[in-house]
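Architecture and fold: a report
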Amino acid sequence: MVDLFIDRVLLKNNTDQDELDTEREIVARLQNRILLLFFGCVTSESCQLFAPKLSSFFKQLTDEAYVDRSAQLVLLYISMDETEEQLGSFLKELPKKCLFLAFEDPFRRELEAMFHVEELPTVVVLRPDCSVLAPNAVEEILRLGPDCYRNWQEAAELIDRNFMIGEDFEQTSSRSWSDPVRRLKYKVEDERRKKTNKGRRGDAEVDRGGEGGGGMPF
């Protein structure tokens, strides 16, 4: 996910519309999180009806007024609005903690094509590695509400850092990357050891056969 937006400028939906424009800021905000790409526009009646439900859904998972620990979830609005004024109007319907792409950023349309968005509203759910968890979760959000986050978290095998201290997270992350390599190394070494032992046994049998063949026949 981080790679997808590393060279972009993401804006916060606050009064000053602060920018996340450095690699460090982007990584800090997106790494090890599930990302919701919300494609919509203010002129769509369906989007107008869905926006407050999405906003409530997101707040119930991330706002301290509802939960003690914020979910590892990021909401990014991808505007399909026709004017910058329409974009600004629709942002008022969305949570202050959400992010958005600037109206002049052509990456909005690239994302629309990349994820084959054919209807509005669409909410694409992405794992931290940018693979698609759900191509459009609108109905799921409306039907299950915040409960669907647990399904996404389990499907994404997301490490809940809220329960872990820094050292634990680093060790778990390190093991997850190194274990496959370590298992492959041990497997190769084990197979090599078996071949060597087999070769030695074969040589010993040849030697014994040679000794027996040197005697006089009866």
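As annotated in an unreviewed UniProt entry, the protein chain carries the name Nucleoredoxin-like protein 1 and comes from Takifugu flavidus.

1. Focus on helix α3 (residues 45–62)
Taking 1.5 Å of rise per residue, 18 residues should cover 26 Å, and α3 covers 26 Å from first to last C-alpha, within 8% of that figure. The largest bend in α3 is about 30 degrees, located at Ala51, with the proline Pro52 one to four residues further on. Of the residues making up α3, those classed as buried are Cys47, Phe50, Ala51, Leu54, Ser55, Phe57, Phe58, Leu61 and Thr62. On its buried side, α3 packs onto β3 (34–40), β4 (73–79), α4 (84–91), β6 (122–126), α6 (138–144) and α7 (147–155).

2. Some remarks on the side chain of Ser55
As for its position among the elements, Ser55 is in helix α3. In this structure, Ser55 is in contact with Glu93, Leu94 and Pro95, ignoring residues within four places of it in sequence.

3. Some details on unusual backbone geometry
In this chain, Leu120 is followed by Pro121 through a cis amide linkage whose omega measures 0 degrees. Along the chain, Pro121 turns up in the loop between α5 (107–114) and β6. Unusually for a residue other than glycine, His116 sits at a positive phi of about 55 degrees. By secondary structure assignment, the location of His116 is in the loop between α5 and β6. Residue His116 is classed as exposed on the basis of its relative accessible area of 63%. Notably, Glu157 is not glycine yet its phi reads approximately 50 degrees, a positive angle. When you line up the elements, Glu157 lands in the loop between α7 and α8 (166–213).

4. Let's talk about the packing of aromatic side chains
The final tally for this structure, using the stated rule, is 6 aromatic pairs. Ring plane angle 65 degrees and centroid distance 5.8 Å describe the contact between Phe38 and Phe50, whose orientation is recorded as edge-to-face. Note that Phe38 is positioned in strand β3 and Phe50 in helix α3, a separation of 12 residues in sequence. As far as the burial class goes, Phe38 and Phe50 line up, both buried. Residues Phe38 and Phe90 carry aromatic rings whose centres are separated by 6.1 Å and whose planes lie at 45 degrees to one another, so their mutual orientation is tilted.

5. Looking at the pairing of β6
Taken across its 5 residues, β6 has 5 buried, putting it largely inside the fold. Every second residue of β6 is oriented toward a common face, with Thr122, Val124 and Leu126 on one face and Val123 and Val125 on the other, all of them buried. Pairing between β3 and β6: 5 bridges, direction antiparallel. Paired with Leu37 across the bridge in β6 is Val124.

6. Comments concerning the pattern of salt bridges
Counted according to the given criterion, the structure contains 2 salt bridges. Between Arg8 and Asp105 there is a salt bridge, and its shortest N-O distance comes to 2.7 Å. Of this pair, Arg8 sits in the loop between α1 (2–5) and β1 (10–12) while Asp105 sits in the loop between β5 (99–101) and α5, and the two are 97 residues apart along the sequence. The buried category is assigned to Asp105, whose relative accessible area is 11%. The closest approach of N and O atoms between Glu112 and Arg109, which form a salt bridge, is 3.0 Å. One end of the pair is Glu112 and the other is Arg109, both in helix α5 and 3 residues apart, which spans about a single turn.

7. A word on α4
Of the residues making up α4, those classed as buried are Gln86, Leu87, Phe90 and Leu91. Looking down the long axis of α4, one finds its buried residues gathered within 135 degrees of arc, a one-sided arrangement. Packing partners of the buried residues in α4 comprise β3, α3, β4 and β5.

About the thresholds
- Residues numbered from 1 in each chain as written.
- Predicted model: local features only at pLDDT ≥ 70, side-chain atom pairs only at ≥ 80, totals over all residues.
- Heavy atoms only, no water.
- Helix = DSSP H or I, 4+ residues; strand = E, 2+ residues; numbered from the N terminus.
- Expected span 1.5 Å × (residues − 1).
- Bend = angle between axes of the 7 residues up to and from the residue.
- Buried < 20%, exposed > 50% of the residue type's maximum accessible area, 1.4 Å probe, protein only.
- Contact = heavy atoms within 4.5 Å.
- Phe/Tyr/Trp six-rings, centres within 6.5 Å; stacked < 30°, edge-to-face > 60°.
- Pairing = 2+ DSSP bridges.
- Salt bridge = Lys/Arg side-chain N within 4 Å of Asp/Glu carboxyl O.
- Arc of directions from axis to C-beta.

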